[in-house]
Every structure is written in structure tokens, then in C-alpha cells.
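One letter stands for each residue in the lines below.
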Amino acid sequence: MTTGGYAFPPEPDARFRPPPRLPSGLFPSGPPSQPTYREPHPVTGAGVASGAAVATVWLLLFGLLGGGVSGYAWWTLLAGGLAWLVALVLVRVGDRGVAVGVAIVTAGGWSIAAVIVAARWLSSGQWPLW
């Protein structure tokens, strides 16, 4: 049965409370004194992953067009250049996370193409891109 009273008796000096201390500023307790500006399209892991996946498929499709090492290298350079242009547009007006994913995979694709060209050059002694 409820009597409407306290479950425990109140402390004897419960009415007296010391005034709150003023914060030192080390740990702010209120809202910031200046407005906080947030990025309209923050970089997220999902955006980076989707940009990386699309750029991987893009480079693979263009790389398959080449018949040999030189064709693969030239198609990869062309596809990477177009991908970087799209990444620059995305940085300016779109999702920056997707642009990061595209740029990372494009740099990796160009590196793979450079290693393949260098390996062919070392094995045959002739520059494969001309």
C-alpha cells in the first residue's frame, strides 16, 4: 500500500545545497560560444568502400580491353585519368568519401600497371609501351 511518503526518510540538512561551482573552461559544460559548422557530405566508410568497388570494376573493364601489356597499360592510364576527373568533381560537389575510394583504387591500379610494364621491360629488354 502506498502512503505517499518517502521510501527513506530525508537527510536532516537536505534543504541546504552549496552553490554550483563555475566551470574552469577545461571541460565545457554548456553549448559552444561559436556555431559549429558541419560538412554536408562527411567521409564515411561506406562511401569509401562504394567508391573503391566502382573504381575497381571500372579499371577491370578497361584493363580487359587491352590485348597485351601495352594495351592494358594504356587502357588503365585512360580509365584512371577519367576516374580521377570524376573524383575531382565528386570532391567539389558530391560525396567526398566516394572520391577518396576512387582515388585510392585508381592509384593502386596505376601502380599495378607500372609494375607489369616494368616486369615486361626487365624480362624482354624493350620498352613495351611504344
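Description of the structure in this document. Along each chain, the written sequence defines residue order, and numbers are assigned to residues from 1. Predicted model: local features are reported for residues with pLDDT of at least 70 only, side-chain atom pairs are reported and counted for 80 or more only, and whole-chain, interface and lining totals are derived from all residues. Note that the side-chain values use all heavy atoms of the structure and ignore hydrogens as well as water.

## Some details on the packing of aromatic side chains
Okay, step 1: Only rings of Phe, Tyr and Trp enter the pairing, Trp through its six-membered ring, and a pair is recorded when the two centres are within 6.5 Å. The plane angle decides the type: under 30 degrees is stacked, over 60 is edge-to-face, the rest tilted. Under the definition given, this model contains five aromatic pairs.
Okay, step 2: Here Trp-58 and Phe-62 contribute two aromatic rings whose centre-to-centre distance is 4.6 Å and whose plane-to-plane angle is 45°, an arrangement assigned as tilted. Here Trp-58 pairs with Phe-62, and both are found in helix H1 (residues 45-63), just four residues apart, close to one helical turn.
Okay, step 3: Residue classification places Trp-58 among the partly exposed positions, given a relative accessible area of 34%.
Okay, step 4: Geometrically, the ring pair formed by Phe-62 and Trp-75 is tilted, given 5.8 Å between the ring centres and 50° between the ring planes. Taken together, the residues span a long stretch of sequence, with Phe-62 in helix H1 and Trp-75 in helix H2 (residues 69-93) at a distance of 13 residues.
Okay, step 5: A relative accessible area of 15% places Phe-62 in the buried class.
Okay, step 6: Exposure categories follow from relative accessible area, calculated using a 1.4 Å probe and restricted to protein chains: below 20% of the type maximum is buried, above 50% is exposed, and the middle band is partly exposed. Of the residues examined, Trp-75 reaches a relative accessible area of 32% and is grouped as partly exposed.
Okay, step 7: Through pairs of rings, three or more aromatic residues link up here, namely Trp-58, Phe-62 and Trp-75. Elements are defined by DSSP. Helices are runs of H or I of four residues or more, strands are runs of E of two residues or more, and each kind is numbered from the N terminus.

## Observations regarding the packing of H1 against helix H3 (residues 96-124)
The angle between the axes and the distance between the axes are what describe a pair of packed helices.
Okay, step 1: As a rule, the C-alpha atoms of each element are fitted with a line to give its axis, helices using only the stretch in contact, and angles between N-to-C directions run from 0 to 180 degrees. Look at H1 against H3: their axes get within 6 Å of each other, and the N-to-C directions meet at 40°. The orientation of H1 with respect to H3, classified from their angle, is oblique. Pair H1 / H3 crosses with right-handed handedness. For the pair H1 and H3, contact is made by Gly-47, Val-48, Ser-50, Gly-51, Ala-52, Ala-55, Thr-56 and Leu-59 and by Gly-97, Val-98, Val-100, Gly-101, Val-102, Val-105, Thr-106 and Gly-109, respectively.
Okay, step 2: The residue inventory of the contact of H1 with H3, partitioned by class, reads eight nonpolar, eight polar and no charged. Each angle receives one of four descriptions, namely roughly parallel if under 35 degrees, roughly antiparallel if over 145, roughly perpendicular if within 65 to 115, and oblique otherwise. Handedness of a crossing follows from how the near helix is turned relative to the far one, being left-handed for an anticlockwise turn of less than a right angle and right-handed for a clockwise one. Contact between two residues is taken to exist if any of their heavy atoms lie within 4.5 Å; hydrogens are not considered. Nonpolar residues are Ala, Val, Leu, Ile, Met, Phe, Trp, Tyr, Cys and Pro. Charged residues are Asp, Glu, Lys and Arg, and all others, Gly as well, are polar.

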